[in-house]
Structures are given as C-alpha cells and as structure tokens.
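What the coordinates show
If you want the building blocks of each chain, they are given just below.
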Amino acid sequence: MPGAPPESPHDGETRSWVERAPLQLSGGVVDFARCRFVRHGGKVEPLSPREAEMLAFLADRANRTVPREDLLTHVWGHSDQSLSRAVDTAVSRLRRKLEADPSTPQMLFTEHGLGYRLLVDAPPEPSQAAKPPPARRLLRLTDRVADLTAGYVEHGDQRIALTAQERLLLEELLRVGGAALAGQAIARRLEMSGEGALRNAVFRLRAKLEVDPGEPRHLLSVPGGCYRLEARIDAPTTTRRAYLAALVSLTEYVGAVLGFPDCVVYVHEHDRLTQVAAFGPKRGPDGAVRVPLRQALGEGLVGLAAQQRDAVLCPDTASESRYLRDLEPARSELAVPVVADGHVVGVLDLEHPAPAAFTDAHRTALLTLTAVAAPAFSRLVGGSHV
Amino acid sequence: MSDPSSTRSIAELTRRYIEACNERRIDDLDHYFRPEFVSHLRVGDVAGLDRFKAMLLHTYDAFPDVWWTPVETIEAPDRCTIRYYFEGTHLGHFMGVPPSHRRVHIDACEVMHIRDGWVLEIWNYADMLGMAAQLNADNPLALRG
Amino acid sequence: MSHRNLLAVTLASICTLSSLSAGAQPNPPGFPTQPKFSKLMELYIDIFNAHEFDRFDEIFSEDYLLVSTAGTFQGRDNVAALMEGFVEAFPDLTYTFEEILVDGNNVVIRYSWSGTNTGSFMGMPPSNNEVSCTGLEIDRIADGRIVETQNFTDMHCLLTGITPPP
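About the criteria used
Residues numbered from 1 in each chain as written. Chains lettered and ligands numbered in written order. Predicted model: local features only at pLDDT ≥ 70, side-chain atom pairs only at ≥ 80, totals over all residues. Helix = DSSP H or I, 4+ residues; strand = E, 2+ residues; numbered from the N terminus. Buried ≥ 20, exposed ≤ 12 C-beta atoms within 10 Å, placed from the backbone. Contact = placed C-beta atoms within 7 Å. Rg over C-alpha atoms; globule rule 2.2 N^0.38 Å. Core = buried A, V, L, I, M, F, W, Y, C linked by C-beta atoms within 7 Å. Nonpolar A, V, L, I, M, F, W, Y, C, P; charged D, E, K, R; others polar. Pairing = 2+ DSSP bridges. Axes fitted to C-alpha atoms, helices over the stretch in contact; angles between N-to-C directions. Expected span 1.5 Å × (residues − 1).

Quick look at the overall build of chain C now. Each helix and strand counted, chain C has four helices and six strands in total. Along its sequence from the N terminus, chain C presents helices and strands in the succession α-α-β-β-α-β-β-β-β-α. Expressed as a percentage of its 166 residues, the buried residues of chain C come to 28%. Considering only residue pairs separated by 6 or more positions, chain C has 53% of its internal contacts joining residues 24 or more positions apart.

Assigned secondary structure in chain B consists of three helices and six strands. Listing every helix and strand of chain B by position from the N terminus yields α-β-β-α-β-β-β-β-α. What you see for chain B is a C-alpha radius of gyration of 16 Å, in line with the 15 Å of a compact globule of 145 residues. With respect to the three principal axes, the spread of C-alpha positions in chain B is 50 × 30 × 25 Å. Taking all 145 residues of chain B together, the buried fraction comes to 44%.

As a further point, take the nonpolar core. All names here are of chain A. One finds Val338, Val347, Val372 and Ala373 to be the most contacted residues of the largest nonpolar core, which totals 162 residues. Of all the elements, helix α10 (residues 360–382) adds the most residues to this core, at ten residues. With residues up to four places along the chain from it excluded, the contact list for Val338 reads Val344, Val345, Gly346, Val347, Leu348, Thr370, Ala373, Ala374 and Phe377.

All right, on to the environment of Cys314 of chain A then. Residues and elements named next belong to chain A. On the secondary structure map, Cys314 appears in strand β18 (residues 312–314). With 22 C-beta atoms packed within 10 Å, Cys314 lands in the buried category. Considered as a pair, Cys314 and Cys226 are 88 residues apart in the sequence and their alpha carbons are 54 Å apart. Apart from the residues lying within four places of it in its own chain, the contact partners of Cys314 are Leu301, Glu320, Tyr323, Ser332 and Glu333.

Take the interface of chain A and chain C next. Contact residues are listed per partner, giving five residues for chain A and four residues for chain C. Of the residues belonging to the side of chain A that touches chain C, the class tally is two nonpolar, one polar and two charged.

Residue and element names in this part refer to chain A. Read from one edge to the other, the open sheet built from six strands follows the order β17-β16-β15-β20-β19-β18, with strand pairing classed as antiparallel. At either end of the open sheet lies a strand with only one pairing partner, and these are β17 (294–296) and β18. For this sheet, the mean inter-axis angle between neighbouring strands, taken without regard to orientation, is 25°. Judged from the three bridges that link them, strand β16 (residues 272–279) and β17 form a sheet pairing that is antiparallel. Looking at β17, one finds that Leu273 is bridged to Gln295. Helix-sheet contacts for helix α8 (residues 240–257) involve β15 (263–269) and β16, and the interaxial angle to β16 is about 60°. Against the sheet, helix α9 (residues 300–308) engages β15, β16, β17, β18, β19 (332–340) and β20 (343–352), with an angle of about 35° to β19.

Moving on: the sheet that holds strand β4 (residues 79–89) of chain B. All names here are of chain B. The mixed open sheet is built from six strands, whose spatial order is β2-β1-β6-β5-β4-β3. Each edge of the open sheet is held by one strand with a lone partner, namely β2 (44–47) and β3 (67–76). Neighbouring strand axes in the sheet, compared pairwise and without regard to direction, differ in orientation by 20° on average. As paired strands, strand β1 (residues 33–41) and β2 are joined by four bridges and run antiparallel to one another. Its bridge partner being in β2, Leu41 is matched across the sheet by Gly44.

Before going further, it helps to spend a moment on α8 of chain A. Residues and elements named next belong to chain A. Helix length check: α8, at 18 residues, gives a terminal C-alpha distance of 25 Å against a target of 26 Å (1.5 Å per residue), a fit within 8%. When we look at burial in α8, the residues that qualify are Tyr243, Ala246, Leu247, Val248, Ser249, Leu250, Thr251, Glu252, Tyr253, Val254, Gly255 and Val257. With its phi angle positive at about 80°, Gly259 sits one or two positions after the end of α8.

Every contact between the two is made by 38 residues of chain B and, on the other side, 49 residues of chain A. Here the side of chain B that touches chain A is built from residues that sort into 20 nonpolar, eleven polar and seven charged.

This part takes up the pairing of strand β5 (residues 108–111) of chain A. For β5 of chain A and strand β6 (residues 115–118) of chain A, the ladder comprises four bridges, and the chain directions are antiparallel. Residue pairing in the sheet places Thr110 of chain A in a bridge with Tyr116 of chain A of β6 of chain A.

Residue and element names in this part refer to chain A. Along β16, six of the eight residues are buried, which leaves the element largely enclosed by surrounding structure. With seven bridges connecting them, β15 and β16 associate as antiparallel partners. Note on β16: the bridge partner recorded for Cys263 is Phe279. Once β15 ends, the chain turns through two residues before running back antiparallel as β16, passing His270 with a positive phi of about 50°.

What follows is the structure, given as structure tokens:
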C-alpha cells in the first residue's frame, strides 16, 4: 500500500533505533538506546523518539542526500505533502540540538530543493546488517502488546511510540519479576529529577498501556510510593543452534580475550562427554570441533573433572596415566566442570604445549566464568528447546 | 590525535578512556594504554591491549547499544578508581549466554594503575553474580549447586 | 643554606618523588600508605579481625550505610548483625587490606578475606571448605567516621565456598 508505514521496523530498510550501536558524529555521539545526543565533553541533549528515528534513517543513508518525501513516508508514515513543513520544522529543531552553531552546520545539512544529509565520519559496519533481526520481546497487555525491542505499543492498527525512558522504566520493573520497587530507587536509576517526575511518567505511560488509565491493571501503584508491573512477557525461544553458537562464542572469549591458546567445550549428554566447540588447533569451521571426541564420564582428565564435579589441574601430562591424548600432544591441562542445579552439564577443557602452564588462579577464574554460562549449558543438555 | 603526555591529568585520561569505549573508537586506546598492560577480571586476566580490544568487540557484539556511565572517580597519585555501571540490550552471545534480549544494568568498579599518562594495569570488580542473574533471567539457576 | 643541608633537602625530595611514581610494583600489603585516616583504618581492620562488632561506634557513623553486592544495610546494628552471621559461618574470618587509596574524604580499599566454613551460613549446613576471596570497597569519611560504604564483594567466590564438595 503506497504511503503506509512499514509492517515492522525490521521489514523496512531501517533497523529499530532501539538496537542500534551509538553513532559517532563530529560533534558528539547519538546514544539511541537512551534517546539522547552526548556532545564531546559530556553535555547531554535528550531526543524525542521521532528525532531518534530521523537520525537512524539518515544514518542508514549516511553522507547521501535523502529526499524530504522519503523522511515523510518512513518516519512520519504519511505521503501527504501538506505535512512536509513538519519535516522541515523537525529537522531545524534537531539541528539546534546537535550543532554548536545551527547556522553553520557540521553534521546535519540541508541541500535546498533536494533534501537532507547527515555527515557520518565512519559509516556503520555493513556486517551488522547481515545479522537476522532479533526476536521481538513482547509484553502482553489486556488489549494491546508492547514491543520492547522495537519501542512501541501496538493497539489494533494503531502504533504508539514509547520513549526511551518509558521503555527503560518497563525494563526496570520487569527485572524484578512483578515485585514492587520503590519510586525513589526507580527515579534514581532512570536519572529522573525526583519522584514527582516519575509519577508524571507513570501517568503518561498508563495512558499508552491501559484500557482505563484511571483503573490500571498492569502498571500498578503500591502503598509506600512503590510501583510494580503485572504483565507477561513472551520470552524468546532459543534454538539448540543458538545455544551451540553461544558455546562457540564462549570458546572465543576464553581464547581471544583470556588468552588460552587451546580450549574445547564438552557437553554432558547421555553419560557421554562430547566435544561441541573449540578455539585453537581443534577448531573446525564455524567454531565446531574438527574431529569431535566423545568419551565416557570418568575417562581421561575431562571425565575425571566431570565425575568429581571439581576442576582438575594437571601440570605434566607425561606423568599422568589418566591423560587421554587428543589430536595434538599437550603437556599441561586444566579441565573445569560446568555445574548447573547440582548436575554436571559440561566441561571446559584447556591444554597447553608447555608443562605447568595453568595455575590455581586460572582454575578459580574459570570456575567463575563457567558459572555464568552454566544455565545456558543446562538448556542445551536437557531443557525444553527446539 | 595528540601524543599522550605526562601532564595529562588522570581525570582527563579516565574521561577519554570511557569516551573511546562508548564511541567505539577502540584504536584510540593505543594512546592511553601500554601494549603490555593487563586487566584483571574476576573471570581471568586480559593480557595486552590487543586482547582488551577483543574483549570490547565481544561486548559490542553482545550489547550493540552498550554505554558505560561513570558514577564517581577517586584519584590517588598513581591510581584512579572508577565506580561505574554499564547498560545495554543483550542481543548477542556473551560469555556463553545466548541473547536474552533483556536490557541489563551491571554495577562495577575498577582501579587503574597509571603512570606518565599511560594505563599499566587494571583491577576490575564487576558484579559477576548480578550479571549472571540478569543475563540468565529467563533461565534461572539455583545458586547453590 | 650550607652544602650539607642542601644535600639533605635534595635527598628527601628524591625519596618523596620516587615513592609517588613507585612503578609497576604493587604497594606493600597491610597498611596504610597514606597518613590520612591511618588511625581509622587501623581501628577498622583491628575491630573486624577481632570480631568485636559492638565497637562499631568507633569506626562507623550512627546512620552508616553499607551498599554491597550482597545487599543494602542501613545502620550500625544491621551491619553488626550481618557480620555476626558471617563469623558464625567462618569463625576464623580474617581480613587483609592489600591496598588503600585516599582522595579527599574517600578511601578505596582493595582487600581479601579468608576463613573456614565450619558454621552454618544463612541456614545452610557448613561445607568445611577453606575459602579465600577478594573485594573492593569505597568508604566515605565524615567527622572521623565511615559514613557510607560501596562494597564490591565476590559473591560467587563466597557462594562457591559454602557449597559442600560432592
């Protein structure tokens, strides 16, 4: 349908501004997630959701002149030319926020008769566009749905934008899973001027979320100046493939960030320990394992770590009879079990060509790391996943 | 791009470090960090500026809109302590946790060892348990296991 | 000024400068590298290691606030109760201050603690593990007392420590 807004921010050319990385401009940086422009040196200019959308649209066409009609269609959702003055006014207002001297712009230019151009020194990396859009995080309300990923409320065929602050307020309340939060604490977290400002924000947000803002069913006031959110969120379903990708990412962190040259992740399934991801000599394409080994619980140092539910540190495999030789010989090994809900769900195994390469400090640190990853492991092993 | 000088104040160095991270200008860190510097995290040591940049890239992939906000800075002759938080939407894999799409807020503190305008070492005390809880919020785990 | 006095002054200033730019070596453990607040810091570690939490009035203000990754505690009595519970779980609880940094009325302490979990912690049976963890805190001082602490304790280390081995 000509002139209609795109079905969803992901279907159109513009990604939802909520997911965007901060955008560097010559005078400062656009922090999309919090809907503001931070000048070099620190002064902060809040942006309206529309201003953020405009910047996102222009940034996707960085350094090119964008016709006014395109902005009208994609950001305002209209093709009615009588509204074109609205675009001009909005750009002027935005320019006053961005530019040190609006009369001599350095970032947002008007090409008379042609349109507008946003000058971006380093256009966004094209690799970001190749990723599939993230699943929508939807908050189910009585007669409408709040899309927290995209930043709007869908009510029938109406779409009401949420401000960044409103989205952050909902996330704060969601984080505590329905419990009450003190208004003072929320106001501080959201950098509001005080509880009065929060009250006003809640009032405005109720108008967007509730069937009857006077009798709220979701965004509730609790005696003592507290608030809570009564609403269900559809959590994203993570596929088995995504969990495996997460483990590949874990091996990359262990290898490229923590600097361990050879690490393998095992998953414990059906009494066997199977290699599923690797960094270093055992890494195959896409981070899977080149020649995956499977071993029984108790077999080798990895099996021992799983059986004991405690890390095993071997300073010299030459004198360790239990050592199971893999593709490449290694002189020292550290096997760290991954424990979830009292069960061993996997093992993180590191090897090194030199003896005594691993210390107790490594052991402790990696136990902390595997504790972060453990719940995801457990889903991979036995949880409800596709 | 000016060379770092020993007359650059610790406060300015700290501000530029945070700005470079927020604005994704990680190569600017070459001007503030010695190549051999080490950052001690609770999950291990990040040894060398290259690995530190790899860590930042991992963070940007996991939280495309990540933003670090300093809360207070405490200076001593060759140390700077920054209490800060980082926030972002968990849209990519982070430390083995697949994207939850939640917005996370993590409190942290780090002590930087600075000499002659260069950062030599960092000790980081981020709230790992709080972070694990937020990242895994849709998939909670009994803490005691 | 005589030749000897000039030499003495020069040596003294060199010593001061070298202690400021002490290079990559960590500060020596224990205490305090700054003269300011040294008495308060000595009292702090002595009281904590002697487990004499009824002496909190000597180091904390009446409305002392502790904000930590383990929770928020307002008032000396609540913090004393917290520490009593901690000592019940770890009767040999010992703190070490690794480094102290001072800036105005703010003190940063990098510390570690250790103990054996031979007692019950929050209703959980003892693990008998020897536990050793690190932490950092920022203390705000006013009128010779600590008014507020922002503490970054290693909760994962603690929770792992109180988990009995399988």
